[in-house]
Amino acid sequence: MLSISTRKALQAFIVCAWSSVAVGDAFTNHAGYVVSGSLTALTNGTAVINGRAYPLSIFPDSEQARMRKLLKIPLALPPALEARRRALRERLLRNEALLKAGAKTPAAAAAQRAKIEAAWHRMLEASELDEMTRAHWATRLNFQRKKRMGENNE
C-alpha cells in the first residue's frame, strides 16, 4: 500500500493552493461550466478572461454583476430609475434654458436646480443599487451645470 508522508502532503497542498490562486477568478456559465482565469475587461458585450473573449450572454446576470463589481464597473440603472433620470434631466435642461433665455432669475433657477438634484439623490438612496453604482450615477444628472460653471470661471 502506498502512502504519502506529512511533509510531502503539506508541499502538495501548498502547490495546489498556490495554483488555484494563480488561476484567478472562476465564473460559471448558464450550462454550469466554469470559466476560470484572470478577468481583464468587459467591453462590447464580451468578457475577456485570460486573453480569451467570451460573450457576456453565456453568463447569468449574477455572474455578470460579479464581473462588473470585480472590475469596479458600475451597474446600469433599472429601467424605471433610468426613465426617472431622463425626466429629471429634461427638467434640469429646461431650467437651464429658461435661465439662459432670461425667463428665470438666477436665484429661481438655482432653487429649481437644487430641488431637481435633491429628488435625484433621494431616488438613488431609495434604490437597491450598491454604493459604487450610486456614487457613479449621482453625478450623471447635472454635468451640464458643472460644465456651465466651468465656462463661467474662465
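Residues numbered from 1 in each chain as written. Predicted model: local features only at pLDDT ≥ 70, side-chain atom pairs only at ≥ 80, totals over all residues. Heavy atoms only, no water.

Draft legend 1. Quick look at the packing of helix H3 (residues 79–101) against helix H4 (residues 106–126). Relative to each other, H3 and H4 sit at 170°, their axes nearing to 10 Å. Between H3 and H4, the angle is such that the two are roughly antiparallel. The segment H3 lies against H4, with Leu81, Arg84, Arg85, Leu88, Arg91, Leu92, Asn95, Glu96 and Leu99 engaging Pro106, Ala109, Gln112, Arg113, Ile116, Ala119, Trp120, Met123 and Leu124. Considered class by class, the residues forming the contact of H3 with H4 number eleven nonpolar, two polar and five charged. (Axes fitted to C-alpha atoms, helices over the stretch in contact; angles between N-to-C directions. Helix = DSSP H or I, 4+ residues; strand = E, 2+ residues; numbered from the N terminus. Parallel < 35°, antiparallel > 145°, perpendicular 65-115°, else oblique. Contact = heavy atoms within 4.5 Å. Nonpolar A, V, L, I, M, F, W, Y, C, P; charged D, E, K, R; others polar.)

Draft legend 2. Examining the environment of Arg85 more closely. By the secondary structure assignment, Arg85 is in helix H3. For the pair Arg85 and Met123, spaced 38 residues apart in sequence, the C-alpha separation works out to 9.0 Å. Those residues in contact with Arg85, other than ones at most four positions away along the chain, are Leu77, Trp120, Trp137, Arg140 and Leu141.

Draft legend 3. Representation of the confidence of the model for the chain within the structure. Summarising the model, the chain shows a mean pLDDT of 82, and 77% of its residues fall at 70 or more. Ranking the helices and strands of the chain by mean pLDDT puts H4 first, with 95, and helix H6 (residues 143–153) last, with 45. Predicted confidence for residues 17–22 stays below pLDDT 50, and this span has zero contacts to residues more than four positions away or in other chains. In the model, residues 144–154 has pLDDT below 50 throughout and makes eight contacts with residues more than four positions away in sequence or in other chains. (pLDDT = per-residue confidence, 0-100.)

Draft legend 4. The nonpolar core, seen in detail. Residues Leu77, Leu81, Leu88, Leu92, Ile116, Ala119, Trp120, Leu124, Leu129, Trp137, Ala138 and Leu141 constitute the largest nonpolar core, which totals twelve residues. If you list the elements that add at least two residues to this core, you get H3, H4 and helix H5 (131–138). The leading source of residues in this core is H4, at four residues. Phe27, Leu39, Phe59 and Met67 belong to the second-largest nonpolar core, a separate cluster that totals ten residues. (Core = buried A, V, L, I, M, F, W, Y, C linked by side-chain atoms within 4.5 Å. Buried < 20%, exposed > 50% of the residue type's maximum accessible area, 1.4 Å probe, protein only.)

Draft legend 5. Just the pairing of strand S5 (residues 52–55), in detail. Pairing analysis gives four bridges linking strand S4 (residues 46–49) to S5, with the strands arranged antiparallel. Pairing of Ile49 across the sheet is with Arg52, part of S5. From the end of S4 to the start of S5, which pair antiparallel, there are two residues, and Asn50 there has a positive phi angle of about 55°. (Pairing = 2+ DSSP bridges.)

Draft legend 6. Summary view of the sheet that holds S4. Read across the open sheet, the three strands follow the order S3-S4-S5; overall the sheet is antiparallel. The sheet terminates laterally at strand S3 (39–43) and S5, the two strands that pair on one side only. Between one strand and the next, the sheet's axes are offset by a mean angle of 25°, whatever the strand orientation. Sheet topology note: the S3/S4 ladder contains four bridges and is antiparallel. Each bridged residue has a counterpart across the sheet, and for Thr43 the counterpart in S4 is Thr46. Across the sheet, helix H2 (residues 61–70) touches S3 and S4, and the angle it forms with S3 is around 110°.

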